[in-house]
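Listed below, chain by chain, are the residues.
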Amino acid sequence: MIRRGLLRERPYAVLMIKRLADLGLTLLCGLVVHRLLDGQWEMDGATRELMLYTLLGGVVLFDLSGLYRSSTRGGRLLRELEMLLMSWGALFMAYLVVNWLTGLDANLPHPWWMPLTAATSFVCQLVFRDLSARALRSLRARGFNRKRIAIAVASDLGRSVSAQIKAQPGLGIDVVGYIDDRGPERLSAPLDAPVLGTVDHIARLAQQHDLDQVWLAMPFRAEERIRHILHELRHSTVDIQLVPDVFQFFLMNQALDEIGGIPVHTLTATPMQGLNRWLKAVEDRVLSALILILISPLLLIIAAAVKASSPGPVIFKQKRHGWNGRAIEVWKFRTMRLHDASHGIKLATRHDPRVTRVGAFLRRTSLDELPQFFNVLRGDMSIVGPRPHPIEINDAYKDSVDKYMLRHKVKPGITGWAQVNGLRGELDTPDKMERRVQHDLYYIEHWSLWFDLRIVLMTFFKGFVHENAY
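Predicted, not measured: the structure shown is a model, and the values here were computed from it.

Chemist: Give me a nonpolar patch on the surface: which residues, what numbers.
Modeler: A cluster of nonpolar side chains, namely L28, V32, L36 and W41, defines an oily patch on the protein surface of about 440 Å² accessible area. With respect to the helices and strands, the residue V32 is situated in helix α2 (residues 12-38).

Encoded structure:
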């Protein structure tokens, strides 16, 4: 049985635990070494300062070494040993250089504190990784932290990949089946997993079988076939991995990621992984909580005005696509009179008779969007990201606008790069939608915490009121 708890739905939580454990172990080792050398737990000012620099340097160097890359799933302990050794070696060399330039040792009561802390931290982190690897293998054997994949296609390479995955149950990867245009009767050898369907139906199969990833086991020369599969998956948010037929060259080509000894290229994936995901989540939760506290009187005033403007609920709730294409319920203050929407969604137009006088003001000033900070607090949305469109709008444009569904690789936002660049309001032509999608994809490709803050600041100056907001 596959358990869909925290470890499967949020596999990068495992990496965050490793990050926190590395910092915690370094701090603990530093305190223990100081206790053994000085006889007390409380550090002097110089040692505390060096401890802080050691922790900050570790955060940077551990990350740069690739220690927290999610693609090391199933990686050997020897590889992590090399990364840790490289990181601590670089950190200790930096300490020696700073000590030579500034005479840092002269201010330390115990010059041996740094080398002993580095050595004990290295050993403890290595032991922790061995124990956590064993624990993860045990959890994966019980159905936690597993990924569901399909392999396209059932070639010799595809069967070899499947065999390697199944020979390493500790990877936590389930090969659900193959995607191939040939039926089992046309294949040259029996398969270890069923053929789920053909390439032309790969997007539907990914959704039907709840796949996390599709692995393309094909040589580079199969460019047209790969392009066709990517085209069929253009509406899907499933991660796509390319497994090229270059096993014999893997040691010479370190640009390839490795999963359980299998070289893979990630072709499409969310940027919200590891530390990025954690930073984004903290940014969203903290800012949305503060904003909701500050605007709570305004929310009450608007709610009363909406209630008095026309009969109906204060909050309008609508199903839209969220992260990875999952349906979420987005909240807004109601700006229209109640009407029959059984024939589908029709976006508001200029001078739309359905919009109330209060609603028109709220839409012009974007105040109708304020309840979405509750969506952010719940984790369905971000403060900054591509604006969520009604599901009917997505269905209407996903075929006509290239890479449209890739905008769902991140959480939708209350404001975004497209909005602060004036791309708001009615989307009545494919050209307008294409320009908005281009800006959304630019945001995803160039995401950073500073980019988010820049967009938030731009929103205050030109994102609330716009001639296209009606």
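Chemist: Summarise the nonpolar core; cite the residues concerned and give the values.
Modeler: If you look at the biggest cluster of nonpolar residues, it comprises 37 residues, and the most contacted ones within it are F333, L370, Y404 and Y443. With 6 residues, helix α9 (residues 274-309) is the single largest residue contributor to this core. The contacts of Y404, once residues within four sequence positions are left out, are H389, I393, N394, Y397, K398, M433 and V437. One finds V199, A206, I226 and I229 within the second-largest nonpolar core, a separate group that totals 21 residues.

Chemist: Break down the environment of N394 for me, citing the residues and quoting the values.
Modeler: Take N394: it is sitting in helix α12 (residues 391-397). Considered as a pair, N394 and Y404 are 10 residues apart in the sequence and their alpha carbons are 8.2 Å apart. Setting aside residues no more than four positions away along its own chain, N394 makes contact with H321, H389, Y404 and H408. In this structure the side chain of N394 is engaged in a polar contact, spanning 2.4 Å, whose partner is the side chain of Y404.

Chemist: How would you explain the pattern of salt bridges if you had to name every residue and give the values?
Modeler: Under the definition given, this model contains 14 salt bridges. Two residues, K409 and D239, come together in a salt bridge whose shortest N-O distance is 2.8 Å. Separated by 170 residues along the polypeptide, K409 in the loop between α12 and β11 (413-415) and D239 in strand β5 (residues 239-242) bring together distant segments of the chain. We note that K409, like D239, is buried. Between K280 and D452 there is a salt bridge, and its shortest N-O distance comes to 2.6 Å. With K280 in helix α9 and D452 in helix α15 (residues 449-462), this residue pair connects regions lying 172 residues apart in the sequence. Both residues of the pair, K280 and D452, count as buried.

Rules used throughout
- Residues numbered from 1 in each chain as written.
- Predicted model: local features only at pLDDT ≥ 70, side-chain atom pairs only at ≥ 80, totals over all residues.
- Heavy atoms only, no water.
- Patch = residues over 30% accessible without salt bridge, like charges linked within 9 Å, V, L, I, M, F, W, Y side chains within 5 Å.
- Areas by Shrake-Rupley, 256 points an atom, 1.4 Å probe, with all protein chains shown as cover.
- Salt bridge = Lys/Arg side-chain N within 4 Å of Asp/Glu carboxyl O.
- Helix = DSSP H or I, 4+ residues; strand = E, 2+ residues; numbered from the N terminus.
- Core = buried A, V, L, I, M, F, W, Y, C linked by side-chain atoms within 4.5 Å.
- Buried < 20%, exposed > 50% of the residue type's maximum accessible area, 1.4 Å probe, protein only.
- Contact = heavy atoms within 4.5 Å.
- Polar contact = N/O pair within 3.5 Å; in protein donor to acceptor, adjacent residues only side chain to side chain.

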